[in-house]
Amino acid sequence: MDMKALTFRPSLSQPYSDVDHSRATLKTMYNLWQEGIYCDITVIVEGQSLKTHKLVLSSLSEYFKTYLQRDAKDKAEVELDNTDFESLQSLIHYAYTGEVTITDRNVQNLFIFADYTQVLFVREACEKFMIQNVEKENCSAILQFADCYSMNELKKACLPVVGRNLKYVSQLDGFADIPYTILLDILRDDHLVVFHNKLPMCHSENELAIFKAALQYISGQRDSKPNREESHELVKASRLSEDDVSPELLLELAEPHKLLLPEDYNPMAIASTARGRSRTDICSHIISDHRAFAAGGEVNVVVRQFDGKGMNEHYDTRRLSKISVVTRDWDDWKIVGGLHVYDGKWNFNGLRESEGCSCNIAELESSEVIVKVTVRYGWVINCISFTTSSGRCIGPFGGDQGGVVVEAEPPSGRTGFLHSFSGAEVDSQGGLAITNLKTNWTLFDQN
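The structure displayed is predicted, hence computed values, not measured ones. (Residues numbered from 1 in each chain as written. Predicted model: local features only at pLDDT ≥ 70, side-chain atom pairs only at ≥ 80, totals over all residues. Heavy atoms only, no water.)

1. Things to note about the overall build of the chain
Phase 1: Looking only at helices and strands, the chain features 13 helices and 19 strands.
Phase 2: Taking 22 Å as the expected radius of gyration for a compact globule of 447 residues, we find that the chain reaches 33 Å, considerably beyond that expectation.
Phase 3: With the C-alpha coordinates of the chain rotated into their principal frame, the extents come out at 115 × 80 × 40 Å.
Phase 4: Looking at the chain residue by residue over its 447 residues, the buried ones come to 45%.
Phase 5: The contacts in the chain between residues at least 6 apart in sequence include a share of 68% that link residues at least 24 apart.
Phase 6: Surface accessibility of the chain: about 24,200 Å² in total, with carbon and sulfur atoms responsible for 49%.
Phase 7: Side chains of the chain carry 45 positive and 63 negative charges; the gap between the two charge centres is 3 Å. (Helix = DSSP H or I, 4+ residues; strand = E, 2+ residues; numbered from the N terminus. Rg over C-alpha atoms; globule rule 2.2 N^0.38 Å. Buried < 20%, exposed > 50% of the residue type's maximum accessible area, 1.4 Å probe, protein only. Contact = heavy atoms within 4.5 Å. Areas by Shrake-Rupley, 256 points an atom, 1.4 Å probe, with all protein chains shown as cover. Lys, Arg positive; Asp, Glu negative; His and termini not counted. Charge placed at Lys NZ, Arg CZ, Asp CG, Glu CD.)

2. Overview of the sheet that holds strand β19 (residues 432–444)
Phase 1: Ordered by their spatial adjacency, 4 strands build an open sheet running β7-β19-β18-β8, and the pairing between neighbours is antiparallel. Here the strands that pair on one side only, and so sit at the sheet edges, are β7 (284–288) and β8 (301–307). Across the sheet, the mean angle from the axis of one strand to that of its neighbour is 20 degrees, orientation sign disregarded.
Phase 2: The sheet contact formed by β7 and β19 spans 5 bridges and is antiparallel. By the bridge assignment for β19, H285 is matched with L443. (Pairing = 2+ DSSP bridges. Axes fitted to C-alpha atoms, helices over the stretch in contact; angles between N-to-C directions.)

3. Looking at the packing of aromatic side chains
The geometry of an aromatic ring pair comes down to the distance between the two centres and the angle between the two planes.
Phase 1: All chains considered together, the criterion is met by 19 aromatic pairs.
Phase 2: Relative to W33, the ring of Y30 has its centre 5.9 Å away and its plane inclined at 55 degrees; by these criteria the two rings are tilted. You can see Y30 and its partner W33 sitting in helix α1 (residues 21–35), 3 residues apart, about one turn around the helix.
Phase 3: Judged by its relative accessible area of 23%, Y30 falls in the partly exposed class. (Phe/Tyr/Trp six-rings, centres within 6.5 Å; stacked < 30°, edge-to-face > 60°.)

4. Digging into the side chain of S420
Phase 1: Its place among the elements puts S420 in strand β18 (residues 415–427).
Phase 2: A distance of 3.4 Å separates a polar atom in the side chain of S420 from the backbone nitrogen of K309.
Phase 3: Looking at S420, its side chain comes within polar contact range of the side chain of H419, at 2.7 Å.
Phase 4: Leaving out residues up to four positions away in the same chain, S420 has contacts with G308, K309, K438, T439 and N440. (Polar contact = N/O pair within 3.5 Å; in protein donor to acceptor, adjacent residues only side chain to side chain.)

5. So, the environment of R392
Phase 1: Within the secondary structure layout, R392 lies in the loop between β15 (381–388) and β16 (393–398).
Phase 2: Residue R392 is classed as partly exposed on the basis of its relative accessible area, which comes to 34%.
Phase 3: Separated by 28 residues in the primary sequence, R392 and L364 have C-alpha atoms spaced 9.7 Å apart.
Phase 4: Residues within four places of R392 in sequence aside, it is in contact with E363, L364, E365, E368, F386 and T387.

6. Quick notes on the pattern of salt bridges
Phase 1: Enumeration over the complete set of coordinates arrives at 17 salt bridges.
Phase 2: With a shortest N-O distance of 2.7 Å, D115 and R123 are connected by a salt bridge.
Phase 3: Assessed through its relative accessible area of 27%, D115 is described here as partly exposed.
Phase 4: A salt bridge links D190 to R277, with the nearest nitrogen and oxygen atoms 3.4 Å apart. You can see D190 sitting in the loop between α10 (180–188) and β4 (195–196) and its partner R277 sitting in the loop between α13 (247–254) and β6 (280–281), a full 87 residues away along the chain.
Phase 5: If you follow the salt bridges from partner to partner, you end up with R188, E233 and K236 in one network. (Salt bridge = Lys/Arg side-chain N within 4 Å of Asp/Glu carboxyl O.)

7. Some points on unusual backbone geometry
Phase 1: Note the cis peptide between G395 and P396, where omega equals 10 degrees.
Phase 2: Looking at the element boundaries, P396 is found in strand β16.
Phase 3: The phi torsion at Q118 lies on the positive side, around 65 degrees, for a residue other than glycine.
Phase 4: Within the element layout of this structure, Q118 appears in the loop between α5 (107–117) and α6 (120–132).

8. Points about the packing of α1 against helix α4 (residues 85–97)
Phase 1: Interhelical geometry of α1 versus α4 gives an angle of 140 degrees and a closest axis separation of 8 Å. Our classification of the angle between α1 and α4 gives oblique. Contacts between α1 and α4 pair L26, M29, Y30 and W33 from the former with I92, H93, A95, Y96 and T97 from the latter.
Phase 2: Grouping the constituent residues of the contact of α1 with α4 by class yields 7 nonpolar, 2 polar and no charged. (Parallel < 35°, antiparallel > 145°, perpendicular 65-115°, else oblique. Nonpolar A, V, L, I, M, F, W, Y, C, P; charged D, E, K, R; others polar.)

9. Quick word on the sheet that holds strand β12 (residues 346–347)
Phase 1: Judged by pairing direction, the sheet is antiparallel, and its 4 strands sit side by side in the order β12-β11-β10-β13 without closing on themselves. Looking at the sheet topology across the chains shown, the edges are occupied by β12 and β13 (358–363).
Phase 2: Inspection of the sheet shows strand β11 (residues 333–342) paired to β12 by 2 bridges, in the antiparallel sense. Bridging from a neighbouring strand, V341 pairs with N347 of β12.

10. Quick word on α6
Three or four residues apart is the spacing at which side chains of an α-helix point the same way, because the helix has 3.6 residues per turn.
Phase 1: Relative to the 18 Å expected for 13 residues at 1.5 Å per residue, α6 spans 18 Å between its end C-alpha atoms, a close match to the ideal helical length.
Phase 2: Of the residues making up α6, those classed as buried are V122, R123, A125, C126, E127 and M130.
Phase 3: Elements in contact with the buried residues of α6: α4, α5, α7 (139–148) and α8 (152–164). (Expected span 1.5 Å × (residues − 1).)

11. Points about the nonpolar core
Phase 1: Judged by nonpolar contacts, the single largest core of 76 residues is most densely connected at L88, L91, L187 and L234.
Phase 2: The element that contributes the greatest number of residues to this core is helix α11 (residues 203–220), accounting for 9 residues.
Phase 3: Sequence-distant contacts of L234, that is, excluding residues within four places in its chain, are made with Y180, L183, L184, L187, A214, Y217 and I218.
Phase 4: Core analysis: the second largest hydrophobic core is formed by 28 residues, I323, L339, L364 and V406 among them. (Core = buried A, V, L, I, M, F, W, Y, C linked by side-chain atoms within 4.5 Å.)

Structure below.
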């Protein structure tokens, strides 16, 4: 039977795609490679050989395409001397499968080979792997590597880890290998807050750690020492003032390095507008407890609302270091009439010391922070006590009669400590008392 020709509208066309075809082709090429079929070139690295297909190898990057056209044309065997055999295997396996396995052992060499041969996906995958695995033990070495290969995202990931762990990192061998200009930027950063035992240092300890790290870097240079001007810039990055540490201590610390510092070096005569100024940790957050203690009951005349959190959003190295609790009589009970905190300056809330009152000042050690507040309250705050990070209990201050007892702490699973208080001063029975008390906490993201 004769078949009539089919007719359609003129110029009618419709493209169709077999979405599985390219995947199937790649799988077929992979199977051929595994079986050694149609392989037309052998690549030799470190005395070991690997057979592959020129077509697949040239598809990896412009580098391999050009290399095979120019240097390996009509050759059945080539030798590469700019990589190791494991990296070659990984790259060719990626060429056939689109997959690459990156480990702590192969990432550096694989990155170098992928960078050299312009295999961008593998290069970027190696960088992502390193970004995800930056730790205090390896951050200085990775930072140097990132700078060498202009990996800005990796460098960005390393900088806060070096800064936050500066006390630890500065003792490692690789610390002295960090490029000078990068370290200087780290030490000058307004947000450089050094941690020790998972807690941020207070201002004086923070700046002293920075000063010591600068000296450690200067002394650790092997190939080329910083000149005197460069060394001076490093130690100037510390914002120590006479209120923080004695000049004698700084001179004593600098003595072993005096040949690398200006002859007239005076640690307390550094012309720096940053001297004495605190720093903030932008990975921290200050939040208020959702609960308010002594929030109901007797109606009292509110004299003043106070908010210790204020406009602060991040941890400041001029942190809470003293608390003053003023207690007074209230009927036959003792209550808290004033609650004052010191963070470089006094913030007064409620009753100040006066006749008939008791003033109790608690001073924290430089490495201490308050991690728990225990409050007894009814209509007003009856009693308060504090627990520090060292396990020390401060208080109780006030009376032990009536009300309920509650504990306020940082949210579960978060690293943090007391920042300040918010609440209200009220006039109750002839004097000031505290109501609507809230605790404000400084919380930290973990690096």
